[in-house]
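Overview (structure and organization)
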Amino acid sequence: MTDCGCDKARQELEEYLRNEICSMDRDVIKEHLATCEDCSGEAHVNQMITQVVRRSCNEDVAPADLRDRVLASLRGDA
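Small disclaimer: the values here were computed from a predicted structure and weren't measured. (Residues numbered from 1 in each chain as written. Predicted model: local features only at pLDDT ≥ 70, side-chain atom pairs only at ≥ 80, totals over all residues. Heavy atoms only, no water.)

**Quick look at the layout of surface pockets**
As a volume, the largest pocket reaches approximately 170 Å³. Along the walls of the largest pocket sit Glu14, Leu17, Arg18, Asn46, Gln47, Thr50, Gln51 and Arg54, which together make up its complete lining. When residues in the lining of the largest pocket are grouped by element, the largest group, 5 residues, is from helix 4 (residues 37-56). Residues that form the lining of the largest pocket fall into these classes: 1 nonpolar, 4 polar and 3 charged. (1 Å grid on protein atoms, 1.4 Å probe; cavity = no way out; pocket = protein on both sides within 12 Å on 5 of 7 lines; lining within 4 Å. Points joined across faces, edges and corners; volume = space filled by probe spheres on them. Helix = DSSP H or I, 4+ residues; strand = E, 2+ residues; numbered from the N terminus. Nonpolar A, V, L, I, M, F, W, Y, C, P; charged D, E, K, R; others polar.)

As structure tokens, then:
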């Protein structure tokens, strides 16, 4: 395969990481990331940011005291 180059890899990096890219482009970008330290580093940083955001947004329930204050405020009790 031919190396796609840094410009194409960076342009399509988000789609690549989210698995929203056609298989042909995916293979080319994967190959580029395997040989380009700068782009693979950028991909790693993006993956870490995505994991932190996902973990931070994964809270199911607000803390009880916060929930009670919000509900009281909505009812006009506060």
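**A short note on helix 4**
Owing to its 3.6 residues per turn, the α-helix aligns residues three or four sequence positions apart on the same side. Counted at 1.5 Å a residue, the expected span for helix 4 with its 20 residues is 28 Å, and the 29 Å between its end C-alpha atoms agrees. Buried within helix 4 are the following residues: Cys39, Ala43 and Asn46. The buried residues of helix 4 all sit within an arc of 65° when viewed along its axis, so they share a single face. Opposite its buried face, helix 4 presents the exposed residues Glu37, Asp38, Arg55 and Ser56, each directed more than 90 degrees away. The inward-facing, buried residues of helix 4 contact helix 1 (5-11), helix 2 (13-17) and helix 3 (23-35). (Expected span 1.5 Å × (residues − 1). Buried < 20%, exposed > 50% of the residue type's maximum accessible area, 1.4 Å probe, protein only. Arc of directions from axis to C-beta. Contact = heavy atoms within 4.5 Å.)

**Focus: helix 3**
Along its 13 residues, helix 3 runs 19 Å from first to last C-alpha, staying within 8% of the 18 Å computed at 1.5 Å per residue. Listing the buried residues of helix 3 in full gives Val28, Ile29, His32 and Leu33. Down the axis of helix 3, the buried set is contained in an arc of 135°. They therefore lie on one face. Opposite the packed face of helix 3, turned more than 90 degrees from it, sit the exposed residues Ser23, Met24, Lys30, Ala34 and Thr35. Each element contacted by the buried residues of helix 3 is listed here: helix 1, helix 2 and helix 4.

**Brief notes about the UniProt feature "domain: Putative zinc-finger" (unreviewed entry) in the chain**
UniProt feature "domain: Putative zinc-finger" (unreviewed entry): in the numbering of this structure it lies at residues 6-39. Taken end to end, residues 6-39 is 79% helix and 0% strand, and its first and last C-alpha atoms sit 7 Å apart. (UniProt positions renumbered as here; feature names shortened; annotations may be inferred.)

**Topic: the confidence of the model for the chain**
Overall, the prediction assigns the chain a mean pLDDT of 86, with 92% of residues at 70 or greater. Per-element mean pLDDT across the chain ranges from 86 in helix 5 (residues 64-75) up to 92 in helix 3. (pLDDT = per-residue confidence, 0-100.)

**Some points on the nonpolar core**
The biggest cluster of nonpolar side chains holds 11 residues, and these are Cys4, Ala9, Leu13, Tyr16, Ile21, Val28, Ile29, Leu33, Cys36, Cys39 and Ala43. Among the elements that line this core, the one with the most residues is helix 3, at 3 residues. When near neighbours in sequence (up to four residues on either side) are disregarded, Leu33 contacts Leu13, Tyr16, Cys39, Ser40 and Ala43. (Core = buried A, V, L, I, M, F, W, Y, C linked by side-chain atoms within 4.5 Å.)

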